[in-house]
Amino acid sequence: MSLNTSKIAWWKIASIALVIYSIVAGMLVPLKPGLTYVSPETAKTGQTLTLRMHGYNSFYTRSDVSDIRVWLQYDSLHALRGQSLHVLSDTVLAATFVFPNDLPRPSPSVMLNAIIDHPADGVSLLPDAVELSRDTTAVAVTAADWRQHPVGQLNIKKDFSFPYRNVIYESIRNTYFHVPMWFALMFLFVASVVYSVRFLLNPLPHFDRKAAAYAETGLLFGFMGLATGMLWAHYAWGAAWSNDIKQLMTAVALLIYMAYFILRSSFDEPEKGARLAAVYNIFAFASLIPLLYVVPRMFASLHPGATGNPAFGSQDLDNTMRMVFYPAILGFTGLGFWMAELRARYQRVADKALGLD
Amino acid sequence: MSMKMFLTLLRKEVLLEFRQRYAISGIVLYVFSMVFVVYIASVKVQPPVWNVLFWLIVLFASINAVVKSFVQESGARQLYYYQLADPSMLLLAKIVYNTLLLLVLSGLAFGVYSVVAGNPVKDAGLFALVLLLGGLGFSIAFTFIASIAAKANNAATLMAILSFPVILPILLTLIRLSQIALRVIQDTSYQRDIINLLAIDAILVTLTFVLFPFIWRD
């Protein structure tokens, strides 16, 4: 028997460092300035109206009013420029808009995006901020044109901050905790299957303990992923559980592994139980693939990148997020492997005490 | 040689079923009872509900029909078979036999169910294909799970908890396809779902034959 207690694997320290880094950076890095709402939210053609724009994380007082530009935009060609700007506070800005007599397209009403360009804060955009409806009784007074002031020459701000997204706001930070759980789960389950295959080829109790420990840790990460997901769903979708296809399939995937543990424990002879559990583990993993990658494509989902992608699309991450997201995946996966190794070692000690090894 | 062996084994399964007639009669009665429970619980069934209830009946009947395929014969006799014949041939015979059994059962369930609860099927050809694919998928997954569960002390409980998560992708695809056959949903590209289903079946059947040698040996 060889004792390697003094040997500390470098990857354990690295994963702890990465997890701490992703928690600190994920929680402390601020969001980019954004627009929460514009009041009033409705306007009519031919009107002259002063709108108040309410910012988030913004510092409107930090630069000269004449350098701030605001628009109400319909598309890349059609936009209205706001005039006589007043900065009321760091987060409130008032601008007057003169609406033309016609809409950019023949319809009863159009939705306009609000855009603020600020030299210090950069650009912030609120989609569908104002509904402009056609006023049939109004007489043509002003001659303002949709094409006079197209949106352009924006101050794109590049710094270490997370994007501001409507609906999810600060909860965008959950990306670094919710998503890595699923990555870690997948890696742990793959490791568990690898040890199950090795056990079938060479039935050593060591491989069986490893397979069980990795499956157990994977299950733990599954519950954590479900919990962080439910927290997020409660905030962004309005309910913790909304029978989204991915929520359902995840619940089923966790059921598979709970069944695995029941199967393991329902044999009198440990060797027989270990062998059949290894067989079931391989079989269950094979049916996990259609569960997680084929079935979700057949149904609509609330998750980003829905109807097609199992995870989210590349446009959902910007470069700053990548700098936290990828280390978080590596860190949590490493942590999971360390936990599984510890679990297997504990089980070995317990088995030795019982005289099973 | 192996074809002859396969046919003999298949014949053995059929003979066994007919000699122990209580097993098959029990399953048939089970299907009838389930159909009547559904009918009494909800007299007028709308097509979407009809579809779900039909598949639930078929699912439970299938589990009960397949679970006995390894439990009904004693361990000693199983071992005797494995000495006489190629174990994977024995498994193949059981899968084929169970597929035929499930086809008969689901056909029967469909007959009785459509008499009591009406027949909303619009695309009979597709629905028949879905029943065929369902029988095949259920048979592969359940036969394999039954061979694992039979080794444990609590075979019936284990059969249910081990097979439900595994069968779910197949079941969801089947329900979706039969919704198309019932014109509950419109989808012209359902061939992709059929290919998915066949791919899942292919994966499961391959694994079944790779893993079975580790199960039967005690």
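Basis of the calculations
- Residues numbered from 1 in each chain as written.
- Chains lettered and ligands numbered in written order.
- Predicted model: local features only at pLDDT ≥ 70, side-chain atom pairs only at ≥ 80, totals over all residues.
- Heavy atoms only, no water.
- Helix = DSSP H or I, 4+ residues; strand = E, 2+ residues; numbered from the N terminus.
- Rg over C-alpha atoms; globule rule 2.2 N^0.38 Å.
- Buried < 20%, exposed > 50% of the residue type's maximum accessible area, 1.4 Å probe, protein only.
- Contact = heavy atoms within 4.5 Å.
- Areas by Shrake-Rupley, 256 points an atom, 1.4 Å probe, with all protein chains shown as cover.
- Lys, Arg positive; Asp, Glu negative; His and termini not counted.
- Charge placed at Lys NZ, Arg CZ, Asp CG, Glu CD.
- Pairing = 2+ DSSP bridges.
- Axes fitted to C-alpha atoms, helices over the stretch in contact; angles between N-to-C directions.
- Parallel < 35°, antiparallel > 145°, perpendicular 65-115°, else oblique.
- Left-handed = near helix turned anticlockwise from the far one by under 90°.
- Nonpolar A, V, L, I, M, F, W, Y, C, P; charged D, E, K, R; others polar.
- Expected span 1.5 Å × (residues − 1).
- Arc of directions from axis to C-beta.
- Patch = residues over 30% accessible without salt bridge, like charges linked within 9 Å, V, L, I, M, F, W, Y side chains within 5 Å.
- Salt bridge = Lys/Arg side-chain N within 4 Å of Asp/Glu carboxyl O.
- Buried area = accessible area lost by both parts, 1.4 Å probe.
- Polar contact = N/O pair within 3.5 Å; in protein donor to acceptor, adjacent residues only side chain to side chain.

Asker: Any chance you could break down the overall build of chain B for me, citing the residues and the numbers?
Answerer: When helices and strands are counted, chain B shows eight helices and zero strands. Helices (α) and strands (β) of chain B occur, in sequence order from the N terminus, as α-α-α-α-α-α-α-α. Whereas a compact globule of 218 residues would reach a radius of gyration of roughly 17 Å, chain B reaches 18 Å, a difference of no more than 12%. Along the first, second and third principal axes, the C-alpha set of chain B runs to 55 × 35 × 30 Å. Expressed as a percentage of its 218 residues, the buried residues of chain B come to 52%. Looking at chain B alone, contacts between residues at least 24 apart form 83% of all its contacts between residues at least 6 apart. Of the roughly 9700 Å² of accessible surface on chain B, 70% is carried by carbon and sulfur atoms. Between the mean site of the 15 positive side-chain charges and the mean site of the 9 negative ones, chain B shows a separation of 6 Å.

Asker: Can you explain the sheet that holds strand β9 (residues 122-133) of chain A? Please cite residues and give values.
Answerer: Residue and element names in this part refer to chain A. Here five strands make up an open sheet; going across it, the order is β2-β9-β8-β4-β5 and the pairing mixed. Two strands bound the open sheet, and with one partner strand each, they are β2 (42-44) and β5 (79-81). The average angle at which neighbouring strand axes cross in this sheet is 35 degrees, direction not considered. Where strand β4 (residues 69-73) and strand β8 (residues 109-118) come together, five bridges link them in antiparallel fashion.

Asker: Lay out the packing of helix α4 (residues 245-265) of chain A against helix α7 (residues 155-181) of chain B in plain terms, naming residues and giving numbers.
Answerer: Close contact between α4 of chain A and α7 of chain B brings their axes to 9 Å; oriented N to C, the two are set at 150 degrees. The angle between α4 of chain A and α7 of chain B falls in the class roughly antiparallel. Every pair of crossing elements has a handedness; the one defined by α4 of chain A and α7 of chain B is left-handed. Across the interface between the two elements, Met-249, Val-252, Leu-255, Ile-256, Ala-259, Ile-262 and Leu-263 of chain A of α4 of chain A pack against Leu-158, Ile-161, Leu-162, Pro-165, Leu-168 and Leu-172 of chain B of α7 of chain B. In terms of residue class, the contact of α4 of chain A with α7 of chain B is built from 13 nonpolar, no polar and no charged.

Asker: Please give an account of helix α3 (residues 205-236) of chain A that cites residues and values.
Answerer: For an α-helix, 3.6 residues make a turn, and residues three or four places apart therefore share a direction. For α3 of chain A, built from 32 residues, the straight-helix expectation of 46 Å at 1.5 Å per residue is met to within 8% by its first-to-last C-alpha distance of 46 Å. Two residues or fewer after α3 of chain A comes Gly-238 of chain A, characterised by a positive phi angle close to 95 degrees.

Asker: Outline the side chain of Thr-217 of chain A, listing residues and values.
Answerer: Along the chain, the position of Thr-217 of chain A falls in helix α3. In this view, Thr-217 of chain A contacts Leu-188, Gly-336, Met-339 and Ala-340 of chain A; residues no more than four positions away in its chain are not counted.

Asker: Got a sec to walk through helix α4 (residues 75-84) of chain B? Specific residues and values, please.
Answerer: All names here are of chain B. The set of residues buried in α4 consists of Gln-78, Tyr-81 and Tyr-82. Down the axis of α4, the buried side of the element spans an arc of 100 degrees, and every buried residue falls inside it. Of the exposed residues in α4, the ones pointing more than 90 degrees away from its buried face are Ala-76, Gln-83 and Leu-84.

Asker: Describe a nonpolar patch on the surface, with residues and values.
Answerer: Residue and element names in this part refer to chain A. Taken together, the side chains of Ile-16, Ile-20, Ile-23, Val-24, Met-27 and Leu-28 make up a nonpolar region of the molecular surface, amounting to roughly 550 Å² of accessible area. Relative to the helices and strands, Ile-20 is located in helix α1 (residues 10-28). What makes Ile-20 partly exposed here is its relative accessible area of 49%.

Asker: Just give me the short version of the interface of chain B and chain A, but keep the residues and values in it.
Answerer: The figure often quoted for interface size is the accessible area lost as the parts come together. Counting from both sides, the interface comprises 30 residues of chain B and, opposite them, 25 residues of chain A. Summed over both sides, the interface between chain B and chain A buries roughly 2600 Å², with carbon and sulfur atoms accounting for 78% of that surface. If you sort the residues of chain B by the area they bury against chain A, Ile-148, Pro-165 and Phe-214 of chain B come out on top, with a joint share of 20%. Our count for the chain B to chain A interface comes out at zero salt bridges. Put simply, chain B and chain A have three residue pairs in polar contact (both at pLDDT 80 or more) between them. Looking at the side of chain B that touches chain A, the elements with two or more residues in it are α6 (124-149), α7 and α8 (191-216) of chain B. Of the residues that constitute the side of chain B that touches chain A, the class distribution is 20 nonpolar, five polar and five charged.

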